[in-house]
Amino acid sequence: MRMIQEETGVQHTLKERLKEIFGYSQFRGEQEAIINSIMGGNNTFVIMPTGAGKSLCYQLPAITNEGVAIVISPLIALMKNQVDQLNAFGINAQFLNSTLNKAEINKVKKDALDGSLKLLYIAPESLTKEENLDFLQRANISFVAVDEAHCISEWGHDFRPEYRRIRGIIDNINPDLPLIALTATATPKVQQDIAKNLRMEESALFKSSFNRKNLYYEVRPKLADVNKQLIKYIKNNKGKSGIIYCLSRKTVEEVANLLSVNDIKALPYHAGLDGQTRMHNQDAFLNEEADVIVATIAFGMGIDKPDVRFVIHYDAPKSLEGYYQETGRAGRDGLEGNCVMFYNIEDIQKLEKFNKDKSVTERDNARHLLNEMVAYANLGACRRRQLLSYFGEYMDKDCGFCDNCVKPTQKIRIQNEAVLILKAIQQTDQRFDGEHIADLITATDNIYVTSYEHDKLEMYGAGKFKDEQEGEEYGVEFWRSMIRQLVILGFLLKDSENFGVLKLSDKGAKFINDPFPITISKDHTFDENETQKSSDDEDVTDLAPAGGGNAYDEALLGLLKALRKKLAKDKNLPPYVIFQDPSLEEMATTYPTTSQEMAQINGVGMGKVSKFGRPFIDLITKYVEENEIETAKDVVVKSAANKSKVKIFIIQQIDRKVDLDEIAESKGLAMDELIEEIEHICYSGTKLNLDYYINQIMDRDRQHDIYDYFMTAETDSIKVALDELLEDDVTEDELRLMRIKFLSEVAN
Ligand SMILES: [Zn+2]
């Protein structure tokens, strides 16, 4: 190892240059030590969370040193962003990638060879090109920086095979070049992989804490009212900058649209937009013309906006590393930063489906990462402790600043259970993962447990006892949760050589002989809620409200239904003609107290408001006053009317008495699809007169019979109507058209 320069003159110059070029008067964290390390010619490994000033660690030495520094970076957008920033500081930095033409490439090479270029950003695939290799061998290179170094590891969340060839290429240029590898996310396993692959196990390691103290972490179950929650959240944070991450371009568009129609300044960002729009939207967010950017994970790499106040994951991310990196964009200035994830198991299942075309290894890795994600969402343990534990950092107490700390799940005292787990790990030679141990303890079917003859161990099935206090049996899930919490509490360590394998820590080994009661948290029941919602169990209706699936006010719903019944009787109409159940449920959720608010309810519309709305509005107003309910007026969710063009077209055509067959044909719809559209229009309260068409296809008597039927029917179900009118030989289309006529005349 070479001597690190310690002359005060050099230190003095570094600080001066920091001020002169970047405008900072102080280094942050370990920046100075890192810069000294690489400037001293040492291989240097930097693990530093996003927003802690990682790029400065190679930029400043590159500027100060003689020659040009090579920066290997995975993304063209990221390169461009950094080059732009450096050029703005008056530094000659350029990139070499596939977007350049011949003349531009020659300029880059010329500047590199004559020594005026300080930083050359290059993608790993460009590095391997023969002509580039040749010129790099001739250039005076100060050092090589490998940015986003986690791309080397297939255990990481962003594996790029070409990254694994970097070491070989550098050896071809000059094997003695000093190397600095940097990443913002690395579990101990990934960290080891990077060091091994770059042959820098002996390098100076600078690992900053991953604890972002100002970030508040929260996970919410993603239920049917997710859009309402989202809008409410943003409106409560009016004027603040926020990022919403979605999984797909489609969802990005939908959510951005939804927010816009609800008067939130939001713009979409994803790789499917053309370059100019993307740039415009990004700038609008940076310049605060837009408060919210709705984006796929393509957004944010290299974006340095210090005052992002919230990061919302509308869909669950693919890995905790991704989650940590994306949430890391909140509160970079050290002030407020809220991180909310909407989680449900269906999103995870969707992600699993994406993996099905991958190779076996890739698929296994992706599944491991997802499992960690699911565990994070469900575990009742302190979120910050969980996250830090994932990155190999141990925290000795709960943070007090996350949802699990602020609103804890039920706490449980365990002792014998912990001893049992630790013993099982000890007696299986510390070679297995948590799932294996949980299966062993609960005697759950697992061929590995039997093939290793672990079913002969004394603890096999020993966890199938009842907990005396709770009077409940611990299932295998509960044992898995306990095992995870023992890792977080430091009784167990993850083996960084072998993925998932658990070993005893010193603390764990001592505990076996000298145990004491420890407190753990029960898991959330997010996943159970989901199954309750979707299963067909007969008692689902009883369970649903308790499970959180329905957000409506049951007392109010009862009153609304009673009012509907009374009105229906007075007007001699079936109740559903007035308002359908889903509309009443929505009223019992959003408490509309004006005609405008009432008209926003799905299936209502202004027509129905003026016809039936008043008594309902009066009832709700009285109820809200009596029960002192705070109505969230700002969360009336308007749905994005992206299909409205077709609907308007249909209404216009019907007004002009155009044949339905013709309308269907001109919009490329089948007849039943057209009727469905018309039904939507009708159920939203618009009056339609279809007589011109109905008179063509049905005689008066037939019309009369069906009309009478709907007048007296208990329900407007077409299926029931078909059964009831079996003898009359009516078709489904006829019934549906008559139902529209009926509803238009009596309801709208
Ligand atoms: Zn906490």
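All figures in this text were calculated on a predicted structure; none of them were measured in a lab.

The rules behind the values
Residues numbered from 1 in each chain as written. Predicted model: local features only at pLDDT ≥ 70, side-chain atom pairs only at ≥ 80, totals over all residues. Helix = DSSP H or I, 4+ residues; strand = E, 2+ residues; numbered from the N terminus. Buried ≥ 20, exposed ≤ 12 C-beta atoms within 10 Å, placed from the backbone. Contact = placed C-beta atoms within 7 Å. Pairing = 2+ DSSP bridges. Right-handed = clockwise from strand over helix to strand, strands pointing away. Core = buried A, V, L, I, M, F, W, Y, C linked by C-beta atoms within 7 Å. Domains from an automatic or database assignment. Axes fitted to C-alpha atoms, helices over the stretch in contact; angles between N-to-C directions. Expected span 1.5 Å × (residues − 1). Bend = angle between axes of the 7 residues up to and from the residue. Left-handed = near helix turned anticlockwise from the far one by under 90°. Nonpolar A, V, L, I, M, F, W, Y, C, P; charged D, E, K, R; others polar.

### Topic: the overall build of the protein chain
What the protein chain contains, in helices and strands, is 36 helices and 19 strands. For the protein chain, the spread of C-alpha atoms along the three principal axes comes to 100 × 75 × 50 Å. For the protein chain, the residues scored as buried account for 39% of the 748 residues in total. Excluding contacts between residues fewer than 6 apart, the proportion of contacts in the protein chain whose partners are at least 24 apart in sequence is 71%.

### Overview of the pairing of strand β10 (residues 266-269)
Burial along β10 is two-sided: A266 and P268 and L267 and Y269, pointing in opposite directions, are all buried. In terms of strand pairing, β10 meets strand β11 (residues 292-295) through four bridges, oriented parallel. Within β11, the residue paired with L267 across the bridge is I293. The β-α-β motif built from β10, the intervening helix α12 (residues 275-286) and the parallel element β11 has right-handed crossover chirality.

### With respect to the nonpolar core
Counting 86 residues, the largest nonpolar core has I293, V294 and I421 as its most contacted members. Sort the elements by how many residues they give to this core and helix α21 (residues 476-488) lands first, with seven residues. Taken domain by domain, this core gets at least three of its residues from each of domain 2 (215-403) and domain 3 (410-521). If we skip the residues at most four places from it in the chain, V294 touches I244, C246, V252, V255, A256, L259, A266 and P268. Listed in part, the 61 residues of the second largest apolar core include I34, I38, A69 and L120.

### Some details on the sheet that holds β11
With parallel pairing, the six strands of this open sheet are ordered in space as β8-β13-β12-β9-β11-β10. Each of the sheet's edge strands pairs with one partner strand only, and the pair in question is β8 (215-221) and β10. Strand-to-strand twist across the sheet, computed as the mean angle between neighbouring axes with direction ignored, equals 15 degrees. Where helix α13 (residues 320-327) meets the sheet, its contacts fall on β8, β9 (241-245), β12 (308-313) and β13 (337-343), and the angle it forms with β12 comes to roughly 155 degrees.

### Quick look at helix α29 (residues 605-626)
For α29, spanning 22 residues, the distance from its first C-alpha to its last is only 27 Å, which falls clearly below the expected 32 Å at 1.5 Å a residue. Maximal helix bending in α29 amounts to about 75 degrees, located at G613; proline P615 follows within four positions. Within α29, the full set of buried residues consists of G605, K608, V609, F612, G613, F616 and I620. Looking one or two places after α29, you find E628, whose phi comes out positive at around 50 degrees.

### With respect to the sheet that holds strand β3 (residues 93-96)
The pairing of strands in a sheet comes from backbone hydrogen bonds and takes either a parallel or an antiparallel form. Pairing within the open sheet is parallel, and its seven strands lie in the order β3-β4-β2-β5-β6-β1-β7. If you trace the sheet from one side to the other, it starts and ends with β3 and β7 (204-207), each paired once. Between one strand axis and the next, the sheet turns through 20 degrees on average, direction left out of account. By the bridge criterion, four bridges tie strand β2 (residues 68-72) to strand β4 (residues 119-122) in an arrangement that is parallel. Each bridged residue has a counterpart across the sheet, and for V71 the counterpart in β4 is Y121.

### Digging into helix α2 (residues 31-39)
Each α-helix winds once per 3.6 residues, and so residues spaced three or four apart point in a common direction. Every buried residue of α2 is listed here: Q31, I34, I35, S37, I38 and M39. Of the residues flanking the end of α2, it is G41, one or two places downstream, whose phi is positive at about 80 degrees.

### Looking at unusual backbone geometry
Here the phi dihedral of Y591 falls at roughly 50 degrees; this positive angle occurs in a residue that is not glycine. As for its position among the elements, Y591 is in the loop between α27 (581-590) and α28 (595-599).

### Quick notes on the packing of helix α34 (residues 700-712) against helix α36 (residues 732-746)
The description of two helices packed together rests on the angle between their axes and the distance between the axes. Across the interface, α34 lies against α36 with an axial gap of 10 Å and an inter-helix angle of 65 degrees. Our pair here, α34 against α36, has a crossing hand that is right-handed. Facing α34, whose interface residues are Q703, I706, Y707 and F710, α36 presents L735, M738, R739 and F742. Tallied by class, the residues present in the contact of α34 with α36 amount to six nonpolar, one polar and one charged.

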